[in-house]
Amino acid sequence: AQSVTQLGSHVSVSEGALVLLRCNYSSSVPPYLFWYVQYPNQGLQLLLKYTTGATLVKGINGFEAEFKKSETSFHLTKPSAHMSDAAEYFCAVSSISSGSARQLTFGSGTQLTVLP
Amino acid sequence: GAGVSQTPSNKVTEKGKYVELRCDPISGHTALYWYRQSLGQGPEFLIYFQGTGAADDSGLPNDRFFAVRPEGSVSTLKIQRTERGDSAVYLCASSSQANTEAFFGQGTRLTVV
């Protein structure tokens, strides 16, 4: 069984400020972890992913996330927020299901607002 | 195609009616997924196809939901006797193989009135 908890359904930051979106996961097997972004009326876009290897993962648009096994966390950060970062962000965990299908389990999402 | 295409983008139907939602995956992608995203929630897995066969349908909520992919490309999600609780955005995704990055379509917003 696997699950994802995103702390804070809404986060507001000022333009230029640090972005921190929190994600904690639960998985009975070594997890693959993902962050997706969803802009209004658009599909989910992959920001970054952790599979194996380096625990600090860099993604698109200046975002990065660090896998911390001891804390079961995969928080998303960006040093300086831009107005175009305003969107909904989803953390997801993946593992092989019974049908050998790699299905994703998503968190409930965090709506990021960037204030001018 | 350039990306995953879903049609229609919006569908309004009356309670009890039958609906079909279509997904055109990226050309050549063998894996295809359906997810449902209810208001204020993250997407929830429904079903996964590898080629023409449903490799995992454990997420389908009940027997009113059915999906097909007869030629291993386009998939149709079918919902019988729709209920108001079926209202959600239905997302389709495809990937070149089962364990590679999945690309999502824009979704079909289904409203049951």
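Details of the structure are given in the entry above.
To start, this report covers the structure provided alongside it. (Residues numbered from 1 in each chain as written. Chains lettered and ligands numbered in written order. Predicted model: local features only at pLDDT ≥ 70, side-chain atom pairs only at ≥ 80, totals over all residues. Heavy atoms only, no water.)

Examining the packing of aromatic side chains
How we decide: The criterion for an aromatic pair is that two Phe, Tyr or Trp rings (for Trp, the six-membered ring) have centres within 6.5 Å, with stacked assigned to planes under 30 degrees apart, edge-to-face to planes over 60 apart and tilted to the rest. Counting from the N terminus, the helices are the DSSP runs of H or I reaching at least four residues and the strands are the DSSP runs of E reaching at least two. Buried, partly exposed and exposed residues are distinguished by accessible area as a fraction of the type maximum, computed with a 1.4 Å probe on protein chains only: under 20%, between the cut-offs, and over 50%, respectively.
The final tally for this structure, using the stated rule, is 13 aromatic pairs over all chains. A ring pair is formed by Tyr25 of chain A and Phe67 of chain A, whose centres lie 6.0 Å apart and whose planes are at 35°; its orientation type is tilted. Of this pair, Tyr25 of chain A sits in strand S3 (residues 19-27) while Phe67 of chain A sits in strand S7 (residues 64-68); the two residues are 42 residues apart in sequence, bridging distant segments of the chain. Phe67 of chain A shares its class with Tyr25 of chain A; the two are buried. Residues Phe106 of chain A and Phe104 of chain B carry aromatic rings whose centres are separated by 6.2 Å and whose planes lie at 75° to one another, so their mutual orientation is edge-to-face. Separated into two different chains, Phe106 of chain A in strand S10 (residues 102-106) and Phe104 of chain B in strand S10 (residues 103-104) make up a pair that spans both. Comparing Phe106 of chain A with Phe104 of chain B shows no difference in burial state: the two are buried.

Here we look at the environment of Gln41 of chain B
Keep this limit in mind: Residue contacts are defined here by distance: any two heavy atoms, one from each residue, within 4.5 Å place the two residues in contact.
Secondary-structure assignment places Gln41 of chain B in the loop between strand S4 (31-37) and strand S5 (44-50). Gln41 of chain B sits 47 residues away from Ala88 of chain B along the chain, and the two C-alpha atoms are 9.9 Å apart. Once residues within four sequence positions are removed from consideration, Gln41 of chain B is found in contact with Phe90 and Ser108 of chain A.

Considering the side chain of Ser95 of chain B
Take Ser95 of chain B: it is sitting in strand S9 (residues 88-95). The buried category is assigned to Ser95 of chain B, whose relative accessible area is 0%.

Re the pairing of strand S2 (residues 10-14) of chain A
Residue and element names in this part refer to chain A. Selection rule: In this description, strands pair whenever DSSP reports at least two bridges between them.
Here S2 shows one buried face, formed by Val11 and Val13, and one open face, formed by His10, Ser12 and Ser14. Inspection of the sheet shows S2 paired to strand S11 (residues 110-115) by five bridges, in the parallel sense. Residue pairing across strands places Ser12 opposite Thr113, the latter belonging to S11.

Side note on the sheet that holds strand S7 (residues 65-68) of chain B
Residues and elements named next belong to chain B. Put simply, the test is: Axis lines are fitted to C-alpha atoms, over the contacting stretch for helices. Their N-to-C directions set the angle, which ranges from 0 to 180 degrees.
The antiparallel open sheet is built from four strands, whose spatial order is S1-S3-S8-S7. Both outer strands of the open sheet, strand S1 (5-7) and S7, are each paired with one neighbouring strand and no more. This sheet shows a mean twist of 15° between the axes of neighbouring strands, independent of strand direction. Note: S7 against strand S8 (residues 75-79), four bridges, orientation antiparallel.

A few points about the pattern of salt bridges
Residue and element names in this part refer to chain B. Where we set the bar: Any carboxyl oxygen of Asp or Glu within 4 Å of a side-chain nitrogen of Lys or Arg constitutes a salt bridge here.
According to the stated counting rule, one finds five salt bridges over all chains in the structure shown. Where Arg64 meets Glu83, a salt bridge forms, and the shortest distance between an N and an O atom there is 3.6 Å. Placement of Arg64 in the loop between strand S6 (53-56) and S7 and of Glu83 in the loop between S8 and S9 is noted, with a sequence separation of 19 residues between them. A cluster of three or more residues bridged by salt bridges with shared partners is formed by Arg64, Glu83 and Asp86.

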